[in-house]
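Report on the structure
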Amino acid sequence: MSCLAPTRAALSQAAQALASGHLVAFPTETVYGLGADALNPDAVKRIFQVKGRPADHPLIVHVASLQAAQRLASDWPKTAQVLAETFWPGPLTLVVKRAPSVPNAVTGGQDTVGLRWPSQPAAQALLEAFAAIGSGAVAAPSANRFGGISPSQAQHVESALGAYLQPGDLILDDGPCGVGIESTIVDCTVNPVRVLRPGGISRAAIESALAIGPVSGSPQHEAHQPLPRVSGSLASHYAPKTPLLMLPAADLHEALQAQLARPESHSVLCWVRQLAPTHDPRVTQVLMPSRPELLAQQLYARLHEWDALGFDLLLVEAPALGPEWEAVRDRISRAAFDGEASHTP
Ligand code: TXA
Ligand code: MG
């Protein structure tokens, strides 16, 4: 496995690798993806092995144009057309009925497929190069082990998956991802459409593009679904190994004192909007960005960094309740799930 900058030569090598059934981890504007030829079931199976992900969790298929997406769908509703025209290329995944050419290995046996045309230039160049010599359809989940923190930089991919990749597999390194959290997933098989996962495109932007009222269907409400349609909807997901507690600003001080009162407490990281005066050497404070896009951009890199530093607890101030904070709030609260279970009194 090698890690390459996305030069012309590297992109053509990566397209060849996909065409021969290898895996290619590549940057997108949201997070790094672990890609395989979506129309090659054996290659797709390797994604599940490397990620350690259950085989019934469907993968998003990445393409290089709107027409390429339409070819992978058996039905292309008006809503999908409007959303694609408005937000593609970009951080939006559209769930539609799949074409017969899309293998079961990609969809987890469901009759729908998630499709995305990403905007990141190296991702586009890779998809175009692969379209010239192969199917041009790249199935790619986020390039992390199942349940772990998503990668917003190539070194996150290398440290999480390096040991599982094989000779012939590649990682393309084009620096940090601009959006930093995953795409918004919109189910266009129902009318009105539903947001299955909040992400890079806000719910308000989707409502406004479709000129409709509030769009419902957050993943939390999908527990009754017989199939795990969105694996990111498992309550514990995107989780660091270090316990993480997300609390409103007003409750942070008390939680910190409670943690410091524990005899085994050596170091606590606080990610807060306002630094509080403290001289306790066990406490490290980091200022949280005051804009949702900046918080999204930094979130996974911070979690990776702090997880490696071995804090006893990550104490994170809950983002505001406003709609523009929905996606980052969703990701932090899922990262907090394990911590919450063991720390709430
Ligand atoms: O930004 C992103 O979406 C990144 C980049 C690499 O594109 N990809 C990503 O993939 O986050 P992944 O597999 O980590 O999360 C995609 C989610 C999964 O939870 C999966 O269940 C859901 O998309 N999904 C895929 N196909 C689906 C379908 N047909 N119906 C409902 N959910 C689907
Ligand atoms: Mg993921």
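Look a little higher up for the structure.
Residues numbered from 1 in each chain as written. Chains lettered and ligands numbered in written order. Predicted model: local features only at pLDDT ≥ 70, side-chain atom pairs only at ≥ 80, totals over all residues. Heavy atoms only, no water.

Digging into unusual backbone geometry
Rule in force here: Put simply, DSSP H or I for four residues or longer makes a helix, DSSP E for two residues or longer makes a strand, and each gets a number counted from the N terminus.
For the bond running from W88 to P89, omega is -5 degrees, close enough to zero to count as cis. With an omega of 0 degrees, the peptide bond between N191 and P192 qualifies as cis. For P192, the position within the fold is in the loop between β9 (184–187) and β10 (194–197). Its identity as a non-glycine residue notwithstanding, A211 has a phi of 50 degrees, on the positive side.

Thoughts on the pairing of β10
Both faces of the sheet carry side chains from a regular strand, because those side chains alternate between them. Note the threshold: Think of it this way: DSSP has to see at least two bridges between two strands before they count as a pair.
Judged from the three bridges that link them, β9 and β10 form a sheet pairing that is antiparallel. Bridge pairing in β10 links D187 to R194. Hairpin remark: β9 followed by β10, antiparallel, with six residues in the connecting loop.

Let's talk about the pattern of salt bridges
For clarity, the threshold we go by: One speaks of a salt bridge when a side-chain nitrogen belonging to Lys or Arg is within 4 Å of a carboxyl oxygen belonging to Asp or Glu. Using a 1.4 Å probe on the protein chains alone, a residue whose accessible area is under 20% of its type maximum counts as buried, one over 50% counts as exposed, and one in between counts as partly exposed.
Scanning all chains against the criterion turns up twelve salt bridges. In this structure, D330 and R331 form a salt bridge, with 2.8 Å as the shortest nitrogen-oxygen distance. Here the two residues D330 and R331 agree in accessibility, since each one is buried. Linking D330 and R334 is a salt bridge whose minimum nitrogen-to-oxygen distance equals 2.8 Å. In this pair, D330 and R334 both sit in helix α11 (residues 326–335), four residues apart, roughly one turn of the helix. No difference in accessibility class separates D330 from R334, as the two residues are buried. Here the salt bridges share partners, and the residues they tie into one network are E182, D330, R331 and R334.

Considerations on the nonpolar core
Stated precisely, the cut-off is as follows: Here, the term nonpolar core denotes a set of buried Ala, Val, Leu, Ile, Met, Phe, Trp, Tyr and Cys residues that are joined through side-chain atoms within 4.5 Å. Contacts are residue-level and defined by heavy atoms, with any inter-residue pair within 4.5 Å sufficient.
Grouped together as the largest cluster of nonpolar side chains are 51 residues, with contacts concentrated most on W76, W88, L94 and I206. With five residues, the single largest contributor to this core is helix α2 (residues 41–51). Dropping the residues within four chain positions of it, L94 is found in contact with W76, A80, L83, A84, W88, V113, G114, L115, V186 and C188. In this structure, I149, L295, L299 and A327 belong to the second largest nonpolar core, which totals 26 residues.

Let's talk about the sheet that holds strand β14 (residues 313–317)
In plain terms, the rule: To get an axis, a line is fitted to the C-alpha atoms, and for a helix only the part in contact is used. The angle between two axes follows their N-to-C directions and goes from 0 to 180 degrees.
Reading across the sheet, the four strands line up as β11-β14-β12-β13 and stay open at both edges, with parallel pairing between neighbours. A single partner strand is all that each edge strand has here, and the edge strands are β11 (244–247) and β13 (283–287). Neighbour to neighbour, the strand axes of the sheet diverge by 20 degrees on average, direction disregarded. Alignment of strand β12 (residues 268–272) against β13, held across five bridges, turns out to be parallel. Looking at β13, one finds that V268 is bridged to V283. Contacts from helix α9 (residues 249–260) reach β11, β12, β13 and β14, with the element oriented near 165 degrees to β14. Packing against the sheet, helix α10 (residues 292–309) makes contact with β11, β12, β13 and β14, and its axis sits at approximately 175 degrees to β12.

Notes on the sheet that holds strand β7 (residues 138–139)
Strand order in the open sheet formed by ten strands is β1-β8-β2-β3-β7-β4-β6-β5-β9-β10, and the pairing between neighbours is mixed. Either end of the sheet is taken by a strand with one partner, and the two such strands are β1 (2–4) and β10. Seen against the sheet, helix α4 (residues 78–87) touches β5 (92–97) and β9 and runs at an angle of roughly 160 degrees to β5. Sheet contacts for helix α6 (residues 121–133): β2 (24–26), β3 (33–37), β4 (60–62), β7 and β8 (170–172); angle to β2, the most-contacted strand, approximately 145 degrees.

Section: the environment of L83
One can find L83 in helix α4. What makes L83 buried here is its relative accessible area of 0%. Sequence-distant contacts of L83, defined by excluding residues within four places in its chain, comprise W88, L92, L94, V186, C188, I206, A209 and L210.

Overview of the packing of α10 against α11
Stated precisely, the cut-off is as follows: Note on terminology: angles under 35 degrees are roughly parallel, angles over 145 are roughly antiparallel, angles of 65 to 115 are roughly perpendicular, and the others are oblique. A clockwise turn of the near helix away from the far one marks a right-handed crossing, whereas an anticlockwise turn of less than a right angle marks a left-handed crossing. Nonpolar residues are Ala, Val, Leu, Ile, Met, Phe, Trp, Tyr, Cys and Pro. Charged residues are Asp, Glu, Lys and Arg, and all others, Gly as well, are polar.
Running from N to C, α10 and α11 point in directions that differ by 25 degrees, and their axes come no closer than 10 Å. When the axes of α10 and α11 are compared, the pair comes out roughly parallel. Crossing geometry of α10 relative to α11 is assigned as left-handed. Facing P292, L295, A296, L299, Y300 and L303 of α10, the residues of α11 in contact are V328, R331, I332 and A335. Of the residues contributing to the contact of α10 with α11, the split by class is nine nonpolar, no polar and one charged.

Let's talk about the packing of aromatic side chains
Note on aromatic pairs: each is described by the distance of the centres and the angle between the planes. Counted only if it meets this: Two rings from Phe, Tyr or Trp (for Trp, the six-membered ring) form a pair when their centres are within 6.5 Å of each other. A pair whose planes differ by under 30 degrees is stacked, one over 60 is edge-to-face, and the rest are tilted. Two conditions define a charge located above a ring, namely a distance within 6 Å from the ring centre to NZ of Lys or CZ of Arg, and an angle within 35 degrees of the ring normal.
Taken as a whole, this structure holds two aromatic pairs when the rule is applied. Summarising the aromatic geometry, the rings of W76 and W88 are spaced 6.3 Å apart at their centres and angled 45 degrees between planes, so their arrangement reads as tilted. Here W76, found in the loop between α3 (66–71) and α4, pairs with W88, found in the loop between α4 and β5; they are twelve residues apart in sequence, far enough to count as distant. Here the two residues W76 and W88 agree in accessibility, since each one is buried. Ring geometry for W271 against W306: centres 5.0 Å apart, planes inclined by 80 degrees, an arrangement best described as edge-to-face. One end of the pair, W271, is in strand β12; the other, W306, is in helix α10, with 35 residues separating them in the sequence. A relative accessible area of 2% places W306 in the buried class. The ring of Y164 is capped by R145, whose NZ or CZ atom sits 4.0 Å from the centre of that ring.

These figures come from the coordinates and say nothing about function on their own.
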